[in-house]
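Chains, contacts and geometry: an overview
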Amino acid sequence: MAWDDSASKIWMDGNMVDWKDAKIHALSHVVHYGTSVFEGIRAYDNKKGTCIFRLNEHVKRLFNSAKVYKIDIPYTQEEIAQAIRDTVKINELASCYIRPIVFRGYGQLGVNPLSCPVNTVIAAWEWGSYLGEEGMANGVDVGVSSWRKPAPDTFPTLAKCGANYMNSQLAKLEAIDHGYEEAIMLDYEGHVSEGSGENIFIIEDGVLYTPSMDSSNLKGITRESIKQLANDLGYEVVEERISRERLYFADEVFFSGTAAEVTPIRSIDHKIIGAGKRGPISEELQKTFFDIVEGKKEDKFGWLDYV
């Protein structure tokens, strides 16, 4: 991750402010209780200019996450979408990562957040491959975490809430301690859920499988895009509960997500997956995905929103 903290602008509650001035109070509710909802969005540089990937879908999910936590965003979805475009444009970014976040600000402390104001912030910066260019080409080494995803009556995992990611941090830190580049998390019943910040697919005999939405996983926008793309390429995609051992027996496994994009997995728990490198179907999906977002192929799915 690389950002410019000297000249960049951040959108804060309707105003563009200098990066260094984008500050909140130490007693803001979000600092103490994690009361934020957010999105991760990518913009790509292609032949027609800078385009934001599935902007409207990301903004809709932001509002849906806020609805769960009774956070009333003081802007319309259209206003937030335009503010995202404006943030990319004012920073003159050809390609970038975009982080809109809505949070409970400075008012009073206590578990009840309703008296605290709702603040909205949008930042954008250059960010390359989340798990590295080497990982994109040859796959990454990951491990199954001892930390589980929460049950559906604990945290709402379909909401992209800041507090939820403490669970993900535990898995990520454990993976780093064990020498892995990322973690795979199981759900509360021991089935495969997702990575610490990515969805997951396995490939068996030419069929793509991904955990169903009762596995405490986020309904990823890139995940939905990969399903759509795979179907268009003639592959069957199945959503179902996936047992841990199927990870080891799979022909190919890969992560999907805004940050990870399409990242192959070459080993899990030190067990080699398939040929131990990016597999042919993963490579085809990865290449086709980038061909679309980079403007080398037609955007037949209507994914791209030009700045």
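Nothing here was measured: the structure is a model prediction, and the numbers come from that model. Within every chain, residues take consecutive numbers counted from 1 along the sequence as written. In view of the model being predicted, local features appear only for residues whose pLDDT reaches at least 70, and side-chain atom pairs are presented and counted only at 80 or more, with totals across whole chains, interfaces and linings using the full set of residues. Only hydrogens and water are removed before side-chain values are computed, so all heavy atoms of the structure are retained for them.

**What to know about the side chain of Thr288**
Relative to the helices and strands, Thr288 resides in helix α8 (residues 280-293). Only heavy atoms matter for contacts: two residues are in contact if any of them lie within 4.5 Å across the pair. Those residues within four positions of Thr288 in sequence are excluded, and the remaining contacts are Leu229, Leu233 and Lys297. In this description a helix means any DSSP run of H or I spanning at least four residues, a strand means any run of E spanning at least two, and both kinds are numbered starting from the N terminus.

**Focus: the nonpolar core**
Side chains of nonpolar character tend, in soluble globular proteins, to be buried together. The term nonpolar core refers to a set of buried residues drawn from Ala, Val, Leu, Ile, Met, Phe, Trp, Tyr and Cys, joined through side-chain atoms within 4.5 Å. Partly exposed residues are those whose accessible area sits between 20% and 50% of the maximum for their type, while under 20% is buried and over 50% is exposed, using a 1.4 Å probe and protein chains only. Among the nonpolar cores identified, the biggest contains 25 residues, and Ile52, Ile84 and Ile98 are the most heavily contacted of them. Listed by contribution, the elements that provide at least two residues to this core are β4 (41-46), α2 (55-68), α3 (77-90), β6 (96-104) and β7 (118-125). For Ile52, the contacting residues outside a window of four places in its chain are Ile41, Arg42, Ala43, Ile84, Arg85, Val88, Ile98, Trp303, Leu304, Asp305 and Val307.

**Things to note about the domain arrangement of the protein**
Each domain's extent is set by a domain assignment, obtained either automatically or from a database. Domain boundaries assigned for the protein yield domain 1 (7-123) and domain 2 (131-292). The straight-line distance from the C-alpha centre of domain 1 to that of domain 2 is 26 Å. Counting from both sides, the interface comprises 19 residues of domain 1 and, opposite them, 23 residues of domain 2. Simply put, the buried area is the total loss of 1.4 Å probe accessible area from both parts when two parts are fitted together. When the two sides are added together, the surface that domain 1 and domain 2 hide from each other amounts to roughly 1600 Å², 59% of it contributed by carbon and sulfur.

**Considering the packing of α2 against α3**
Here, axes are lines fitted to C-alpha atoms. For helices the fit covers the stretch in contact, and angles between N-to-C directions go from 0 to 180 degrees. Close contact between α2 and α3 brings their axes to 10 Å; oriented N to C, the two are set at 125°. In terms of orientation, α2 and α3 fall into the oblique class. Crossing of α2 against α3: the hand is right-handed. Here Leu55, Asn56, Val59, Lys60, Leu62 and Phe63 of α2 lie close against α3, whose contacting residues are Gln77, Ile80, Ala81, Ile84 and Arg85. A class-by-class count of the residues in the contact of α2 with α3 yields 7 nonpolar, 2 polar and 2 charged. Here the angle decides the label: under 35 degrees means roughly parallel, over 145 means roughly antiparallel, 65 to 115 means roughly perpendicular, and every other value means oblique. By definition, turning the near helix anticlockwise from the far helix through less than a right angle yields a left-handed crossing, and turning it clockwise yields a right-handed one. Each residue receives one of three labels: charged for Asp, Glu, Lys and Arg, nonpolar for Ala, Val, Leu, Ile, Met, Phe, Trp, Tyr, Cys and Pro, and polar for the others, Gly being one of them.

**Brief notes about the pairing of strand β5 (residues 49-53)**
Summarising burial for β5: 4 of the 5 residues are buried, a large majority. DSSP bridges decide pairing: two strands pair if at least two such bridges lie between them. With 4 bridges connecting them, β4 and β5 associate as antiparallel partners. Among the inter-strand pairings, Asn46 is bridged to a residue of β5, identified as Gly49. The turn joining β4 and β5, which pair antiparallel and follow one another in sequence, is formed by 2 residues.

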